[in-house]
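Residue strings, one per chain:
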Amino acid sequence: MAVKGLVAAIVQFLTQQLQEGDITEESRESLEVAIQCLESAYNVQASDTPENFNLYEVYKSTEGNAKPQLDANLTPETDPESAPEATPEAKAEAKRLKNEGNALMKADKHYQAFLNYTKAIQLDGRNAVYYCNRAAACSKLGNYEQAIKDCHTAISIDPSYGKAYGRLGLAYSSLEKHKEAKENYQKALELDPDNESYKNNLQVAEKLLAQQGMNSTGLGGGAVAGNDISSFLTNPALMNMVRHMVSNPALQSMVSNLMVEQVEQGGPMEAFIEAGQQIVRQLHNANPEFIESLTRQMGGNSNDPDPPQKN
């Protein structure tokens, strides 16, 4: 019976598409054939669909677990100060919706939970917990910007709400805003010093922030964006090493002699190329790990400090 009801709902949906959908004549013919095949195979009609059952609405309600884009109309800018004081009845219903939302979150039904928390906010717009809980649902749905907004709203209502700072840290971390994540984890820990989750998350944020800083200077092991040669050459560690090497009298003498020799044999271009190769060799010998790391960032062969030779 359940299968027939589902097939009938599919037939009903396809029939609605024939009537309302913007489809081509070719697609229309295909839909008509599909409807006839389903009706014949399962002996059903669109009218056999269970009462008050709309397949498309059911799909939309479960689509949340696939991280949909939330309708902006569901999360309007909220000013808790201007929200009316909820009646006892409204507060009781909001609390029920919140508890139901918590159960939905545990069941990984994040979109439905989001809707429950939104309804709770509409009933009692001065309760920080409802905004903070909705922020958790938004994060699960991948809508981190809305999660940040809801956390800030919760904090504006209750500045000592540690969980709101913790969830704010998670949202910022998901957006790779590790500085903001660190600041909010620190605040969460100030309010809840024994929370191991906040401690662990703070350590991760600090580590990622340090790594982010290293990458911005080209030292973090990540590729230099677009092989940006200017960033590569302005790397402080590399420049310090170069200055140290070129100020070495022995290297200066070697390069000078090499330049004279190469100019006599092959011309100035060959002299510059050979001098550059000698400097690269010296740099590699001075700190091979560092040079290999930089070479990998530039997409070169880390096993060969010399520029490739033309055949």
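Cut-off values and rules
Residues numbered from 1 in each chain as written. Predicted model: local features only at pLDDT ≥ 70, side-chain atom pairs only at ≥ 80, totals over all residues. Heavy atoms only, no water. Helix = DSSP H or I, 4+ residues; strand = E, 2+ residues; numbered from the N terminus. Buried < 20%, exposed > 50% of the residue type's maximum accessible area, 1.4 Å probe, protein only. Contact = heavy atoms within 4.5 Å. Areas by Shrake-Rupley, 256 points an atom, 1.4 Å probe, with all protein chains shown as cover. Expected span 1.5 Å × (residues − 1). Polar contact = N/O pair within 3.5 Å; in protein donor to acceptor, adjacent residues only side chain to side chain.

Caption draft 1: Just the overall build of the protein, in detail. Within the protein one finds 15 helices and zero strands. Here the protein holds 311 residues, and 33% of them are scored as buried. Relative to all contacts within the protein whose residues are 6 or more apart in sequence, the contacts with residues 24 or more apart total 57%. Accessible area for the protein stands at about 19000 Å²; split by element, carbon and sulfur atoms hold 52% of it.

Caption draft 2: Representation of helix α5 (residues 110-123) within the structure. Taking 1.5 Å as the rise per residue, α5 with 14 residues should run 20 Å; its terminal C-alpha atoms sit 20 Å apart, in good agreement. Taken across its 14 residues, α5 has 10 buried, putting it largely inside the fold. Those residues of α5 lying buried are H110, Y111, Q112, A113, F114, N116, Y117, T118, A120 and I121.

Caption draft 3: Just helix α6 (residues 128-140), in detail. In this model α6 runs 19 Å from its N-terminal to its C-terminal C-alpha over 13 residues, within 8% of the 18 Å that 1.5 Å per residue would give. With respect to burial, α6 is a largely interior element, 10 of its 13 residues being buried. Residues of α6 that are buried include every one of A128, Y130, Y131, C132, N133, R134, A135, A136, A137 and C138, and no others. Structurally, α6 contributes buried residues whose contacts are with α4 (88-106), α5, α7 (144-157) and α8 (162-174). The residue sitting at the N-terminus of α6 and contributing the capping side-chain oxygen is N127; that oxygen lies 2.9 Å from the backbone nitrogen of V129. G142 sits one or two residues past α6 and shows a positive phi near 85 degrees.

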